[in-house]
Amino acid sequence: MKQKNMVTWAISAIVYLGLVIGGYTVYASLDRNNEHTDTHDEAKTNGNEEKKFINEQAHKDNHISQRIDGEDSGHSDHVGQLENELVTNVKYKEGLIVIDVKDKDQNSPELEISHEKIMHLIIVSADLEDYYHVHPEDKGNGVYTLKFDLPENSYKAFVDIKPKKLAYRVSPIELQVGKDHGNHEGNSLKVDTNLTKTINEKTVELNTSELGINKAVTLSFDTKGITPEPYLGALGHVVILDDKGEKFVHVHPTSEEQAQFETKFDKPGIYKVWGEFKFDGKVNSYPFVIEVK
């Protein structure tokens, strides 16, 4: 009897031990599966987060690229050395200015409206004394014309346009009206000691930040308490030329409330600045001569 009890006890112990080992094995297997699942989920989550980060970064980079592209293609500053993909010609005969604009394949490019006009034509006499800002009209096939009487003189014309999907840099175009008055390169401009000018009884004073190269320069025009009228979608316009009439810059206000402009000069020298402001329905062009050191 005693021997039978011992056998029964031994069998029970073996069965119990088997159950314990089996249970542990199942638990271990489940734990490994859970660990694998957690690792997989974590990897999946990290992968999604990484993908999301890349997409967000790409969006930011694209946004920055678009913003930079937008700034580079603006109408406000043409000091950059862009490759010219357009050919522009300007002719004058019997009171008619004719501008021809073609690409390298002799096709007429599509131009964007910039500050309310399809084209801004700046004409200055070779001695930088006479200044005209006019707006020829589109006649089709890349031809733009304007009836305008130019006095006999030697001029430089600057065709300021914004072509679609084509690189363009404003360059001076020689224009002769009447007899040739000779070469005026290296004009003997004298720096203004008085930066206050009055035209048509409206006074404007130019104030500048430090006139140095390769840094932002602020040009502030004090209109003496009289707010200029809107002119071509802005409070005013500023055109700048170097003393040789080669370097062309056309800038617009940085503020809708103040006649304040910002530009950069890449070389020291003498520059002539024309500030255009509209008072009582008339546009006055105020000339100033400054020196950049």
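This one's a predicted model, so the numbers in the text were calculated from it and none came from an experiment.

**Regarding the environment of Val90**
- Position of Val90 among the secondary structure elements: in strand E1 (residues 86-93).
- Placed 10 residues apart in sequence, Val90 and Asp100 show a C-alpha to C-alpha distance of 6.6 Å.
- Residues contacting Val90, with those up to four places away along its chain left out, are Ile97, Val98, Ile99, Ala157, Val159, Ile173 and Leu175.

**Some points on the sheet that holds E1**
- If you walk across this open sheet you meet the four strands as E1-E2-E6-E5, and the pairing is antiparallel. The open sheet terminates on both sides in strands that have one partner only, identified here as E1 and strand E5 (137-140). Neighbour-to-neighbour, the strand axes of this sheet turn through a mean angle of 25°, independent of strand direction.
- Relative to strand E6 (residues 143-147), strand E2 (residues 96-103) runs antiparallel, the two being bridged by five bridges. Looking at E6, one finds that Ile99 is bridged to Tyr144.

**Remarks on the packing of aromatic side chains**
- By the definition in use, this model includes 10 aromatic pairs.
- Consider the rings of Phe221 and Phe261, whose centres lie 5.5 Å apart with planes at 90°: the pair is edge-to-face. In this pair, Phe221 is assigned in strand E11 (residues 217-222) and Phe261 in strand E14 (residues 260-263), connecting sequence segments 40 residues apart. Exposure class is identical for Phe221 and Phe261. Each is buried.
- Through a chain of ring-to-ring contacts, three or more aromatic side chains come together here, namely Phe221, Phe261, Phe277, Tyr286 and Phe288.

**Describing the confidence of the model for the protein chain**
- Averaged over all residues, the pLDDT of the protein chain is 80; the fraction at 70 or higher stands at 70%.
- Across residues 30-80, where pLDDT falls below 50, the model places 24 contacts with residues more than four positions away in sequence or in other chains.

**Points about the nonpolar core**
- By size, the foremost hydrophobic cluster in this structure holds 36 residues, and its most contacted members are Ile99, Leu150 and Val159.
- Excluding anything up to four places from it in sequence, Val159 contacts Thr88, Val90, Ile99, Met119, His120, Leu121, Tyr168, Val170 and Ile173.
- Within the second largest apolar cluster, 22 residues are counted, among which are Val204, Phe221, Leu235 and Ile290.

**Quick notes on unusual backbone geometry**
- Even without being a glycine, Leu128 presents a positive backbone phi close to 65°.
- Within the element layout of this structure, Leu128 appears in the loop between strand E3 (120-125) and strand E4 (131-134).
- Judged by relative accessible area, Leu128 falls into the buried class, the value being 1%.

What counts, and where the lines are drawn
Residues numbered from 1 in each chain as written. Predicted model: local features only at pLDDT ≥ 70, side-chain atom pairs only at ≥ 80, totals over all residues. Heavy atoms only, no water. Helix = DSSP H or I, 4+ residues; strand = E, 2+ residues; numbered from the N terminus. Contact = heavy atoms within 4.5 Å. Pairing = 2+ DSSP bridges. Axes fitted to C-alpha atoms, helices over the stretch in contact; angles between N-to-C directions. Phe/Tyr/Trp six-rings, centres within 6.5 Å; stacked < 30°, edge-to-face > 60°. Buried < 20%, exposed > 50% of the residue type's maximum accessible area, 1.4 Å probe, protein only. pLDDT = per-residue confidence, 0-100. Core = buried A, V, L, I, M, F, W, Y, C linked by side-chain atoms within 4.5 Å.

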